[in-house]
Amino acid sequence: MNSFAKRKNIIIGILLIIGAIYVMRLFNLQIVDSTYKRSATRNVVREVIEFPSRGLIYDRNGEMLVYNQIVYDLLATPREIGRFDTTTLCSIIDVPKEVFIDELKKAKRMSTYRPSVIIKQIPPDRYALLKEKMFKFPGFYLQTRNVRTYPFGCAAHVLGYIGEVSPAFLEKNPYYRSGDYIGVSGIEKAYEEHLRGRKGVSLFLVDVHGRIKGSYEDGKLDTVAVKGRDLVSSLDRELQQYGEKLMVNKAGSIVAIEPSTGEILSLVSSPSYDPVEMVGRNRTVNFPRLLNDPLLPLFNRAISAQYPPGSTVKMLHGLIALEENIITLGSSYYCANGFHVGNFHQACHHEQSFNLNNAIAQSCNAYFSQEFRDLLQDRKYGGARNGYEVWRNHVLSFGFGNRISYEFDEEAKGFIPEAEYYEKRVFKNAKWRALPIISLAIGQGEMQTTPLQMANYTAILANRGFYYPPHVVRSIDGAELNPELKTKRYTTVNSIQFERIMDGMEEVVNSGTASIARIPGITICGKTGTAQNPHGSDHSTFIAFAPRENPKIAIAVYVENGKWGNLYAAPIASLMIEKYLKDSIQPSRQWLETRMLETNLLYPELPNYIQYPK
Amino acid sequence: MAQRFEIWKRLDWIIILLYVFLVIAGWLNIYSAVYSEEHRSIFDMEQRYGKQMLWIIFAFVLGLLILVTESNFFVAFSFPLYIFLLFLLIVVLFFGNKVNGAKAWLTIGEFALQPSEFAKFGTSLALAKVMSSYDFSFKNRNSKILLIALLVIPVLLIVLQHDTGSALVYVAFLIPFYREGMSGLILFFLFFTALLFILSLLLAPWLFVVLLILSAFAVFILLRKKWNELLTPLIVLVSSVALVSIIFLVFGLAYNFYFVLLISSFISGVILLFFSIYKRIPQATLIVSIFILSLLFSFTVDFAFENILQPHQQDRINNLLGIESDPLGAGYNVNQSKIAIGSGGLFGKGFLKGTQTKFDFVPEQSTDFIFCTVGEEWGFVGSIVIIVAFIYLIIRIINLAERQRSIFSRVFGYCVASIIFFHFVINIGMTIGIAPVIGIPLPFFSYGGSSLWFFTLLLFTFLRLDASRFEQLR
Ligand SMILES: [Zn+2]
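Residues numbered from 1 in each chain as written. Chains lettered and ligands numbered in written order. Predicted model: local features only at pLDDT ≥ 70, side-chain atom pairs only at ≥ 80, totals over all residues. Heavy atoms only, no water.

Caption draft 1: Summary view of the packing of aromatic side chains. All names here are of chain A. The final tally for this structure, using the stated rule, is 39 aromatic pairs over all chains. Ring centres of tyrosine 388 and tyrosine 422 lie 5.3 Å apart, and the angle between their planes is 85°; on these two criteria the pair is classed as edge-to-face. Highlighted residues: tyrosine 388 in helix H16 (residues 384-397) and tyrosine 422 in helix H17 (residues 419-427), separated in sequence by 34 residues. Ring-pair connections join several aromatic residues into one group, and the members of that group are Phe372, Tyr388, Trp391, Phe415, Tyr421, Tyr422, Phe427 and Trp432. Against the face of phenylalanine 152 rests arginine 237, its NZ or CZ located 4.1 Å from the ring centre. Over the ring of tyrosine 242 we find lysine 579; its NZ or CZ atom is 5.1 Å from the centre of that ring. (Phe/Tyr/Trp six-rings, centres within 6.5 Å; stacked < 30°, edge-to-face > 60°. Helix = DSSP H or I, 4+ residues; strand = E, 2+ residues; numbered from the N terminus. Lys NZ or Arg CZ within 6 Å of the ring centre and 35° of its normal.)

Written out as C-alpha cells, the structure reads:
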C-alpha cells in the first residue's frame, strides 16, 4: 500500500464538509428564509392594463358632443431598431429632429428591451402617411389610443378636459396609475366615475426583459375592461354654439336653464377655447398660452365669477316684502329723483310714485330702497338685525350664497353676508340701522352672485317659487342621475307672490327698461341690471324667462364692461330666447343679431383700421 | 473475445447508473429551463433540449467506443493526446470563434467544440503518465518542474483565450498531487483560503474579524501551550482598540465597530509581527502573518467577489440583460439565482412549473446556472438528491482509484474525481452565492456538447482503466 493512502480520507473529508455547507446553505435559502419567495413573485407577475373607451357625451337632441378618436402613438423597442432615416421619419410625423432624437435616447435609457412611447398622438393624416412607410423603420411600431374629439368645438367649459393624474391624487386613489388620464374639469371631472368605465387587468408572467410569457394563474384573477358610460348632456348644442357666437369678442357669460327641470340648456363663458386645443400634442402648446391669457379663457365665468347682482335682484326684494307683508301690490313709494334721507342720497331718475310692478318695470331704485328700509325696520322683527336675518334666510332659499350645482366643484358660492359681517365691519357694536346696508336693495354693496345663481333665480321666478339644482347632464346610460338633481327645492316665498310680480317683469320687456329685448309673438319676462365694477365700466346684465306662461327657458346674461343691461345683455338674452323657442331670428330682429355679433368689447380702444386679433 | 466479455463483468455499473441518472436529470432540467408553450416537441432541434438530446446520444456512443478501446491505448497515447490537445489550444487561438468574450470555440461544420475542455483530459493522461513513472517523486526537483510545466502550458494557452473559468479548473490537479505525496501545506493553504472566502461572505464582517482573532489565539495556545504569553498580544490588541476608538471620537468620525476592529487588529498584527521576529518566536511570526493576510483577504473578498468578473464577463451578462450601464450590480445574476433556488421551498414548484428560471431571470440558466432550475422546480429535496449523487459519484471514483493496481489508473482516477469535484463545488457554490461566479458548467448536467463529451470521455476512460484494474498498465 502506498504511504500516502490515508490522504484519501482527508480528501473525502473536505468533500463531505463542503457538501454539508452546501446542504445547510440550501436549507437556509429554501426553507428558513422566506424573502426569496416574495422576491420571486414580484419578479415574474406583471399587470397589463386594458384601457376601456371613455363614455361619449351627447347633447339633449342626441347630437354627439364628445367622442373618442383613435390616434397613434409611435413606440420603439430600442434594441430592435435597425438602420433608418431619421429625417424622413421626423418629416412624416412632423416632429423636430432634436425632439425625436432626445425621446429615443430617453427610451434607450429606460430599457433597450421594453417598448417606449417615442412620439405621442400622431394625428390621423400623419398616420396614413406613416403607415405606408413603416417597413422602413424597423423597431418602431404604432399603438392605437383613444383621444377625445369634439365635432362642434363648443362648450369647452361645460365638457371640460382630461389630463394625466397628478402624483398627489394617485396617493389617495389607488384605482389610478401614473400616466392614466382623468377628467380635470367640467363634465369630464364631475362624471369621471361614469365616463372612465373600468380598466381591465390581466396578470402575465414576464421574463426579465418584461416580455410576456403567458398568463398568470390561467387568467383567474384577470378582469375585463368595461366601457365607460355614455352621458346625455342637457345642453342644446345649437343654442350653445349660438350663445358662444354672440359672446365672441366679449367677456362674460350666458346661462340658460329649462326651468321645469333645472337642466342647463346653454352655459357660455367667454372668452373660451376650442376643446380640441386641450387634446394631445396641442395641449402642451395651448395650455400655457390659455393659462397666461389676461382674459382668463380657462376661467369658467358662468359658475365661478361673482358679481353684485344689480337691479336684477329687485324682484327678490319685492317678493320677500310681499311675503313678509311689508308691502301690498298697491303700496307705493315716491321717487324724488332718488331716495334722500338727511345726508344720505341715492340717485334715481324718476319723479313719481310707483307700485311694485311699475317699480320693477322702470327699475326704480328709490322704491326698493324704501321698501327694504321698511322691511329692516319693521316692528315685528324687533330690530334691523332681525329684519336682516329674516330677509337673508329668504334670499338663501333662492339658492344664493351657496353652491347649487352638484357637478362643478369650481363653482363659486356667491356671498350673502351674515349679520355678523355687518356687525363687525359696518355697525361695530352700534345699533343696526337700515341706511348703511340699503344698497343691497338695488343689488349693490356686499352681495355677490354667480351667473349660474342668477339663471337659477330666473328659473325660480319662471317656476313661481321652486327650482331643481341646475345641471348639465340629463341622463347616464346604465346609471341613475344623482337624486339630488331630481329633488324640487321650494323657496320660502309663497308661489302666489310670484304670480303677482309677473306683470312688472313682462312690462320690463314690453315697455320698460329692456324694450329692445321684445320679440313679437313671445311674452318675455325679464329684468335688466348693472353690476357695479370698481375696476372699470360696469357689467351689463339681464335675466329673463319665456314664455310667461309655461316657461321653456330662463336665462341670465352677463356682459362685462357692457355698462347697462339693455345695451348688450338684454339683446343677447332675447336672441338666445328667440333662437331656442323659434329656432331662428325673425327678419325684423336680424339687425340686432348682426350688431351683437359685431360688437367687440375686448379691444374697444383700438382704432378701426387695426385688425382685431381673432 | 473472452477479454472483451470480461470488460462488461468488471465494469462499475454503479458509476454508469449515476452517470445516466445525472445526464437524464440534466436534460430534464434543460428542457424545463428552455420549455415554453410554443415548443413542445422534445426533439425540436431549434431548442436547446433537442440539441442536448443529440449530444447525449453522441455521448453514449462515445462512452461505448471508449469501453471497447484497449486500456493500454490511453497509457501509450497519453503524451501524443496531450500534445494534440495543446495543438488544438493553439489552433483555437488563431481560428477560434469568439463566444461571449472568450475565443475558445472551434467550429467544424455544425459542431462547436471547446478544446479547453478536452485539454484537461490530455493533461490528466499526461500527469498520470508522468507520476506513474519509476523515477517520479515529489522530492525530485525535475519531477516537480515537469509537473508544473505540464500544468502551466495549457493554463497559459487557455488564459490567452480569455477563458479564465476553464483555466481555474487546473487548480483541481493539486488533489491528485496531494494524494501522490505533495506537501499537505499547499492543499491546506488552498482549503484555508477557500474557507476564509466563504466565511467572510457568510458572516457579518465584524464577526469574521472576531473569529479570526479568537482562532489566532487558539492556534497560538495549541502550539506554544504557554498561557502567560497571551498577555502581550492581549494588551497590544486592547490598547490599539482603545487608541483607534479615541481617534475616531476625536475626529468626529462615524463610529463603526467593524472598521475600528479591523484597523486596530491590523495595527496590533503589525506590532506583534515585529515583536515576534525580535523575540524570535517563529510560531508566533507564522500565526501573526497568516492573521494579517487573512484580515487583508477578508477585507478585499467582498470587493473581489463583486468584481471577480472580468470586463468581458460583465459585458457578456450585460448584453444578455440588455443593460448598457449595469444598475443592478455585478451580483445581479447571483441574486436572481438565489431567488430562483430560494423560491423552490422544500419540494419545489414541480417539473416545468418554475417561473424564475423559465423566464430568463437567471442568465445562462441552461448552462452555468442549471442548478437554479433544480432548486426551483425540485426544491430542497431535489437539490439534496443531486448533491448527494455528485458526492457519491466522486467518492466512488476515489474508492475505485484506490483499488487500482497501476499508479497510472489511480492518478487518472484522482484527476477525474478532482475535476468533477472542482466543477461541482464552484458551479453549485456560485448559484447559492458562496462561491465566485466562474463560468464553468455542472458536469453531465449543463447544456453543451463539449462539456458533456469531455466529462463522458473522462469518466468512461477511467471506467475502462478500472475494468483492467488487475493489469499492470504502463
Ligand atoms: Zn326712481
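Okay, back to it.
Caption draft 2: Representation of the pattern of salt bridges. Residues and elements named next belong to chain A. Enumeration over the complete set of coordinates arrives at 28 salt bridges over all chains. Arginine 589 is the partner of glutamate 578 in a salt bridge, and the nearest nitrogen-oxygen pair spans 2.5 Å. Remark: arginine 589 occurs in the loop between helix H21 (569-582) and helix H22 (590-598) and glutamate 578 occurs in helix H21; sequence separation between them is 11 residues. A single network of salt bridges, built from pairs that share partners, joins Arg464, Glu499, Asp503, Glu506, Arg548 and Glu549. (Salt bridge = Lys/Arg side-chain N within 4 Å of Asp/Glu carboxyl O.)

Caption draft 3: The arrangement of the confidence of the model for chain A in detail. Averaged over chain A, the pLDDT score is 86; the fraction of residues at 70 or greater is 93%. Note on residues 605-614 of chain A: pLDDT under 50 across the span, and 4 contacts to partners over four residues away in sequence or across chains. (pLDDT = per-residue confidence, 0-100. Contact = heavy atoms within 4.5 Å.)

Caption draft 4: Up close: the coordination of the zinc ion. All names here are of chain A. The protein atoms that coordinate the zinc ion are Cys335 (SG), Cys348 (SG), His350 (ND1) and Cys364 (SG), at distances spanning 2.0 to 2.4 Å. Around the zinc ion, the 4 donor atoms sit at angles spanning 97 to 120°, and that spread fits a shape best called tetrahedral. Between the donor residues of the zinc ion, the gaps in sequence give the motif C-x12-C-x1-H-x13-C. For the residue pair cysteine 348 and histidine 350, the accessibility class agrees, reading buried in each case. (Donors = N, O, S within 2.8 Å, 3.2 Å for Na, K, Ca; no water. Tetrahedral: all angles 85-135°; square planar, octahedral: opposite > 155°, others 65-115°. Buried < 20%, exposed > 50% of the residue type's maximum accessible area, 1.4 Å probe, protein only.)

Caption draft 5: Summary view of the pairing of strand E18 (residues 525-531) of chain A. All names here are of chain A. Most of E18 sits out of view: 6 of its 7 residues are buried. Bridge count between E18 and strand E19 (residues 539-546): 7 bridges; the pairing is antiparallel. Looking at E19, one finds that glycine 526 is bridged to alanine 544. (Pairing = 2+ DSSP bridges.)

Caption draft 6: Spatial organisation of the environment of Glu277(A). Residue and element names in this part refer to chain A. One can find glutamate 277 in the loop between strand E12 (263-270) and helix H11 (280-292). With a relative accessible area of 16%, glutamate 277 lands in the buried category. Between the C-alpha atom of glutamate 277 and that of phenylalanine 287, which follows or precedes it by 10 residues, the distance is 7.9 Å. With sequence-adjacent residues up to four places away left out, glutamate 277 is seen in contact with Asn282, Arg283, Asn286 and Arg289.

Caption draft 7: Spatial organisation of H17(A). Residue and element names in this part refer to chain A. Buried within H17 we find Ala419, Tyr422 and Phe427. Projected down its long axis, H17 carries its buried residues within an arc of 55°, all on one side. Away from its buried face by more than 90 degrees, H17 exposes Lys424 and Arg425. Buried-residue contacts for H17 involve H16. (Arc of directions from axis to C-beta.)

Caption draft 8: Quick look at helix H20 (residues 502-510) of chain A. Three or more residues of H20(A) are buried, namely Met502(A), Gly504(A), Met505(A), Glu506(A), Val508(A) and Val509(A). Where H20(A) is buried, its residues contact helix H13 (314-323), helix H14 (356-362), helix H18 (451-463), helix H19 (495-500), E18 and E19 of chain A.

Caption draft 9: Quick peek at unusual backbone geometry. Note that the residue after Ser270(A), namely Pro271(A), is joined by a cis bond; omega there is 0°. Looking at the secondary structure, you find Pro271(A) in the loop between E12 and H11. A cis amide bond links Ala546(A) with the next residue in sequence, Pro547(A), at an omega value of -15°. Structurally, Pro547(A) can be placed in the loop between E19 and strand E20 (553-559). Phi at Arg464(A) takes a positive value of approximately 60°, unusual for a residue other than glycine. By secondary structure assignment, the location of Arg464(A) is in the loop between H18 and strand E15 (466-467). Positive phi is not limited to glycine here, since Arg280(B) has a value of about 55°. Mapped onto the elements, Arg280(B) comes out in the loop between helix H13 (257-279) and helix H14 (282-307). With relative accessibility at 72%, the residue Arg280(B) sits in the exposed group.

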